[in-house]
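Summary of structural features
The lines below spell out each chain.
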Amino acid sequence: RWRARGAVSLVADWLQANARRRLWLHGSQPPLLLLFHDELAPLDWSWNVDGLGHRLNYPKDVLGPAKVLHWTGPLKPWRHHGVNRLIWEKYTVEYCPEFSFREHTTTCRPDSWFC
């Protein structure tokens, strides 16, 4: 269906139009939603727990059943000013602050990072 609709070309055209004149935010998601509007299916909220790049203090009963943790927002935990690093940290395999530009903030435990 992706090829039948010519998705690559259509999305590329929309992205170029967006680059010329800001039509939307959030990358390629809006044109993909428009292109596949008739094939969307509702999902349980746990498939996309978003806002982790700007919201703090998520309750455990929200994070616990989450299937996808989505760091929407400008404060991604891998950036120097990021938030929710304690949540993100357990999914990182090879992070070493000695070789990173990141700064530790009150949202993370410096003693929990490893080399």
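Throughout, residues of each chain are indexed from 1 in the direction in which the sequence is written. Given that this is a predicted model, residues contribute local features only at a pLDDT of at least 70 and side-chain atom pairs are listed and counted only at 80 or more, while totals for whole chains, interfaces and linings are drawn from all residues. With hydrogens and water set aside, each side-chain value is computed from the structure's full complement of heavy atoms.

1. Structural notes on the nonpolar core
- Among buried residues, the Ala, Val, Leu, Ile, Met, Phe, Trp, Tyr and Cys ones that are joined through side-chain atoms within 4.5 Å form a nonpolar core. Think of it in three bands: with a 1.4 Å probe and only protein chains considered, a residue is buried below 20% of the maximum accessible area for its type, exposed above 50%, and partly exposed in between. Ranked by size, the top nonpolar core spans seven residues in total: Val49, Leu52, Tyr58, Ala66, Trp71, Ile87 and Trp88.
- Whether two residues touch is decided by their heavy atoms; if any such pair falls within 4.5 Å, the residues are in contact. Those residues in contact with Leu52 that sit more than four places away from it in its chain are Tyr58, Leu63, Leu69, His70, Trp71, Thr72, Val83, Asn84 and Ile87.

2. Quick word on unusual backbone geometry
- Positive phi outside glycine occurs at Asn57, with the angle close to 60 degrees.
- To qualify as a helix, a DSSP run of H or I must reach at least 4 residues; to qualify as a strand, a run of E must reach at least 2; elements of each kind are numbered from the N terminus. Its location among the elements puts Asn57 in the loop between α2 (29-35) and α3 (60-63).

3. Describing helix α1 (residues 7-20)
- Spanning 14 residues, α1 covers 20 Å between terminal C-alpha atoms, matching the ideal 20 Å at 1.5 Å per step.
- Where α1 is concerned, the buried positions are Ala7, Val11, Ala17 and Asn18. The buried residues of α1 occupy one face: seen down the axis, they fall within an arc of 120 degrees. Among the exposed residues of α1, those pointing more than 90 degrees away from its buried face are Val8, Ala19 and Arg20.
- In the core, the buried residues of α1 are packed alongside α2. A helix's residues, less one, multiplied by 1.5 Å, set its expected span. What the arc covers is the set of directions going from the helix axis to the C-beta atoms.

From the geometry alone we can't say anything about function, so treat these as descriptive.
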